[in-house]
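# Examining the three-dimensional arrangement
The primary structure of each chain is shown beneath.
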Amino acid sequence: MDQEADLLARARRYSFGGRMDGGGGVAGPVFVSGSGSEVEDVNGKRYLDFNAGQMCAALGHNHPTVTAAIKRACDTLIHAHSSHFNIEEIRLAERLAGVMPGGLDKSLFLQSGSEANEAAVAIARRYTGGYEVASPHVSFHGLSDTARSLTFAGWRDGQGALPAGNYALIAPYCYRCPLRQSFPACNYACLDASFELLDAQSTGRPAAVLTEPLFSAGGVIEPPPGWLRRLHELCRARGMLLILDEEQTGLGKLGTMFACETEGVTPDLITVAKHFGGGVGISAVTTTAEIEETVVARGFTVTHSHSNDPLACAAGNASLEVIENENVPARAAAIGTCFKGHLAALAQRWEQIGDVRGRGILIGIELVEDRHSRRPAHALGRAVHRYCFERGLIFSLRRNGSVLRFVPPVSTSEAQLDRAAALLDAAFAAALSTRPQ
Ligand SMILES: Cc1ncc(COP(=O)(O)O)c(C=O)c1O
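Our subject in this report is the structure included herewith. (Residues numbered from 1 in each chain as written. Predicted model: local features only at pLDDT ≥ 70, side-chain atom pairs only at ≥ 80, totals over all residues. Heavy atoms only, no water.)

A few words now on the overall build of the protein. Each helix and strand in the protein was counted, giving 14 helices and 15 strands. Computed over the C-alpha atoms, the radius of gyration of the protein is 22 Å, within 12% of the 22 Å expected from 2.2 N^0.38 for a compact globule of 437 residues. With the C-alpha coordinates aligned to their principal axes, the bounding extent of the protein is approximately 65 × 60 × 45 Å. Taking as baseline every contact in the protein between residues at least 6 positions apart, the subset at least 24 positions apart corresponds to 72%. About 18700 Å² of surface is accessible on the protein, with carbon and sulfur atoms providing 51% of the total. Distance between charge centroids for the protein: 5 Å, based on 41 positive and 46 negative side chains. (Helix = DSSP H or I, 4+ residues; strand = E, 2+ residues; numbered from the N terminus. Rg over C-alpha atoms; globule rule 2.2 N^0.38 Å. Contact = heavy atoms within 4.5 Å. Areas by Shrake-Rupley, 256 points an atom, 1.4 Å probe, with all protein chains shown as cover. Lys, Arg positive; Asp, Glu negative; His and termini not counted. Charge placed at Lys NZ, Arg CZ, Asp CG, Glu CD.)

Printed below as a string of structure tokens:
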């Protein structure tokens, strides 16, 4: 038996299945190494990783600044008492305050994106005294209980009773507006309708809205200009805090340090995760001094055993160093412009590319049967994905296959972008040539 077959046989016997995008079975490739925008499997086959791992390697796999910081932490202190402060944690909180929108100065650290969103919601509840939280219906905030109950992009089936008091807002999905409106004539009808419903369902205890500023897992859906500002006003009118989940969109990925900067909106809380640790698991919730002081005085505590581990905080410090010193926002913007140019050219050739969207290194294309009906082309998306994956290009499928999502790390060269675009073109040609007419 070759090495891959042997490893997969052992995985079938000993590893838990149920992977997010795994399709249920245990199958190759089995990855062993990575560097920059490429990963290599156990057979020595190399892949262009336009999913950036689980999007946590957006700075490139094994960035040398991050690996050096991890090695230093191994020689000094890997883990520490989570109720005491450690030097890496203090440095990280200060450095994070330096890049956050003004007034967001106080951070706590956790490990996963889900935990950060859970903590942000708990802070909002403690601060407002309310418990009702709403999130747009294409959101993804994680798969822990509260985060999942505010996740409407999927992954809810069979979960039984989710925590109460969490509601969906109608998302600003302009390409497929659920209200059959078009922007700007709609004047944000989705928000007005959503808040009318929310007010009707409320028991008078609103706490927060939790939203991504650009919906990643929901299908790379970009709200129209002004949506976030209007949402902020509607929250304020009800005494609700605005929590921005910038775990996918923050820290330079969209071409600005945070997505909300484009809209000139400063929320009450921001959560970051994903490439914050340069590949190591660490997340943060950042808020104002006033909110922090209020909730701490009211007894708010959230800590896990590894909450502010020096090793993870060292990786966070290193990743912020890379983001600031290597001008990651500008590089992400340049990659986005180049790759979107390629995708726009593909859209000239392939009628089935209905929409090209996203910013920086978070880009998606939505596939349709034809541009008139806009019927989602799920099977085509899966065929294009399979073709590319077999030939060494990794990206993810969203909306049941009809949206292709690309997160090329900022280490990606123009030649690698050209290669990915050429492969996509060939994939469309192959998939469409075998279709029944
Ligand atoms: C926007 C957003 N929020 C939260 C999460 C959950 O993060 P984690 O998987 O680290 O819990 C994700 C994960 O993909 C995400 O995309």
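Further notes follow.
Further remarks concern the pairing of strand β2 (residues 38-41). Of the pairings in the sheet, the one linking strand β1 (residues 31-35) to β2 comprises four bridges and is antiparallel in character. Bridging from a neighbouring strand, S33 pairs with E40 of β2. Counted between consecutive antiparallel strands, the loop separating β1 from β2 contains two residues, among which G36 sits at a positive phi close to 60 degrees. Bridge analysis of β2 against strand β3 (residues 46-49) gives three bridges, and the strand direction is antiparallel. Bridged to E40 within β3 is R46. (Pairing = 2+ DSSP bridges.)

Our focus in this paragraph is the side chain of S37. Its place among the elements puts S37 in the loop between β1 and β2. Overall, S37 belongs to the buried group, its relative accessible area being 3%. Side chain to side chain, S37 and S411 meet in a polar contact 2.8 Å long. Of note is the side chain of S37, whose polar atom sits 2.9 Å from the side chain of T412. Residue contacts for S37: discarding those within four places in its chain leaves Y47, L48, D49, P409, S411, T412 and Q416. (Buried < 20%, exposed > 50% of the residue type's maximum accessible area, 1.4 Å probe, protein only. Polar contact = N/O pair within 3.5 Å; in protein donor to acceptor, adjacent residues only side chain to side chain.)

By themselves these figures say nothing about function.
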